[in-house]
Amino acid sequence: MDTSTKMDNIISNINYIEQLEGNVDAFSQLSNDIKLELLDKLKFERTEIVGQFLNRIYTKEHDKQIQKIIKKLLFRLKTSGIKVEELRVEGESALKKYEEKRVHRGLMSNYDGDGTRLAVVAFEAKRNTYVLVHSLLHFSRGLLELGNITVDREGLGQIFTEYLKGSLKPFVIVEVAPRYAYYLIEEASRLSGQYADEIKQMKSFSYRLGGRVQKPSDVYVLPIPNDIESSSLDHILSNSLFEPFFVIWDTLEDDKKQFNDIGASSSIVLPPYLMEEKKQALIKNLIENGKLSPNLPFMKRLMEDYAYIFYTLGDFKSFKGLVDILQLSDGPYKMLSFFVKKALREEEKAQEHGLIINPYEQVHPQR
């Protein structure tokens, strides 16, 4: 990889905290001319992560001219309101020690009858000052709403209490790792294409957020007692947490009629097993002919999140059952088949919509 390409990679990844060490190492391998060109491209960046990058490369740099430019960029960041660590020799920074003491919190819910759920993340921007971000996410459309308020520690505790008080089955809200709550919001923004600027602003704070579960793959390795047995898929999906959730599609009503007419219009009485085979064939066709197949990746992500919810609720049998099924190649297909069949068998009735609540608007109506 030539030095110009290395520079472009650093620029592309400059605001990802997980790329910080790699960016610092890559910078040290650049020629002085390319280093100067890269630093010139950073003069309009205004994030804490860029400040950390500049601070780290300064301690490794020996060229006086480059050091001078780095100090100038750090000064610009500091005077524009970005928190910048004082230049020091390499070692554990005072900022890192302080960050570890900061309190951050996250929430997520299951889906309601409209196919929406909430994700909330609160991070301590400075001592006793929290930014609380509330979002509304849709199963397949992504991020629908995003808002934020600033509260103190007491206000944050009051709001989270209101959220958790509203957690009544079949709609539940659970506390999750704050980094994971942020992940859900960022993921949904990419899906919907909405709120990209707001997410970019949040990214500069996201590295502060911790927790055991930071991405979906972390859910699979959550520790549980060795003697836990897995619940069956039918038992898990019959849990009240899934009761409000429905998969819908454009031709649902026509497909529902076809599904329920199997065996009814024939003069020959079909045995139950044959009727079931025909119904399963209809479901398979709906999923595999492209009409519902785009829902398969969404179904996998939905179940990873529900596994995390079961874990936080202490239902380790359901958690283990979902994790086991998710690791099967046809796991998402089996799950989607369940909900397609549920939709086809559902009788016409008024569904309960709009279970999502927004307690912080009640607690803090003036924003």
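None of the values given here were measured: they were computed from a predicted structure.

Cut-offs and rules
- Residues numbered from 1 in each chain as written.
- Predicted model: local features only at pLDDT ≥ 70, side-chain atom pairs only at ≥ 80, totals over all residues.
- Heavy atoms only, no water.
- Helix = DSSP H or I, 4+ residues; strand = E, 2+ residues; numbered from the N terminus.
- Areas by Shrake-Rupley, 256 points an atom, 1.4 Å probe, with all protein chains shown as cover.
- Expected span 1.5 Å × (residues − 1).
- Buried < 20%, exposed > 50% of the residue type's maximum accessible area, 1.4 Å probe, protein only.
- Core = buried A, V, L, I, M, F, W, Y, C linked by side-chain atoms within 4.5 Å.
- Contact = heavy atoms within 4.5 Å.
- Axes fitted to C-alpha atoms, helices over the stretch in contact; angles between N-to-C directions.
- Parallel < 35°, antiparallel > 145°, perpendicular 65-115°, else oblique.
- Left-handed = near helix turned anticlockwise from the far one by under 90°.
- Nonpolar A, V, L, I, M, F, W, Y, C, P; charged D, E, K, R; others polar.

J.: Please explain the overall build of the chain as it appears in this structure.
T.: Counting its regular elements, the chain contains 17 helices and five strands. Per element, the accessible surface of the chain, about 19100 Å² overall, is 49% carbon and sulfur.

J.: Before we go on, may I ask you to explain helix H14 (residues 295-312) in this structure?
T.: For an α-helix, 3.6 residues make a turn, and residues three or four places apart therefore share a direction. Helix length check: H14 (18 residues) gives 26 Å between terminal C-alpha atoms against 26 Å at 1.5 Å per residue, within 8%. Of all 18 residues making up H14, 13 are buried, and the element is well covered by its neighbours. Once H14 finishes, glycine 314 follows within two positions and takes phi at roughly 80°, a positive value.

J.: Just checking my understanding: could you explain the nonpolar core for this structure?
T.: A general trend in soluble globular proteins is that nonpolar side chains are found buried together. The biggest cluster of nonpolar side chains holds 62 residues, and the ones touching the most others in it are Phe242, Trp249, Met299, Leu302, Met303, Tyr308 and Val340. When residues in this core are grouped by element, the largest group, nine residues, is from H14. Excluding its chain neighbours within four sequence positions, the residues that come into contact with tryptophan 249 are Asp255, Leu286, Lys291, Leu292, Val340, Ala343 and Leu344. If you look at the next biggest cluster of nonpolar residues, it comprises 24 residues, including Met7, Leu54, Tyr58 and Leu74.

J.: Sorry if this is basic, but what is going on with the packing of H14 against helix H15 (residues 316-326) here?
T.: To characterise two packed helices, one gives the angle between the axes of the helices and the distance between these axes. Running from N to C, H14 and H15 cross one another at 155°; their axes reach a closest spacing of 8 Å. Between H14 and H15, the crossing angle belongs to the class labelled roughly antiparallel. Crossing handedness for the pair H14 and H15: left-handed. From H14, Lys300, Met303, Glu304, Tyr306, Ala307, Phe310 and Tyr311 reach across to H15, where they touch Phe316, Ser318, Phe319, Leu322, Val323 and Leu326. Across the contact of H14 with H15, the residue classes tally to ten nonpolar, one polar and two charged.

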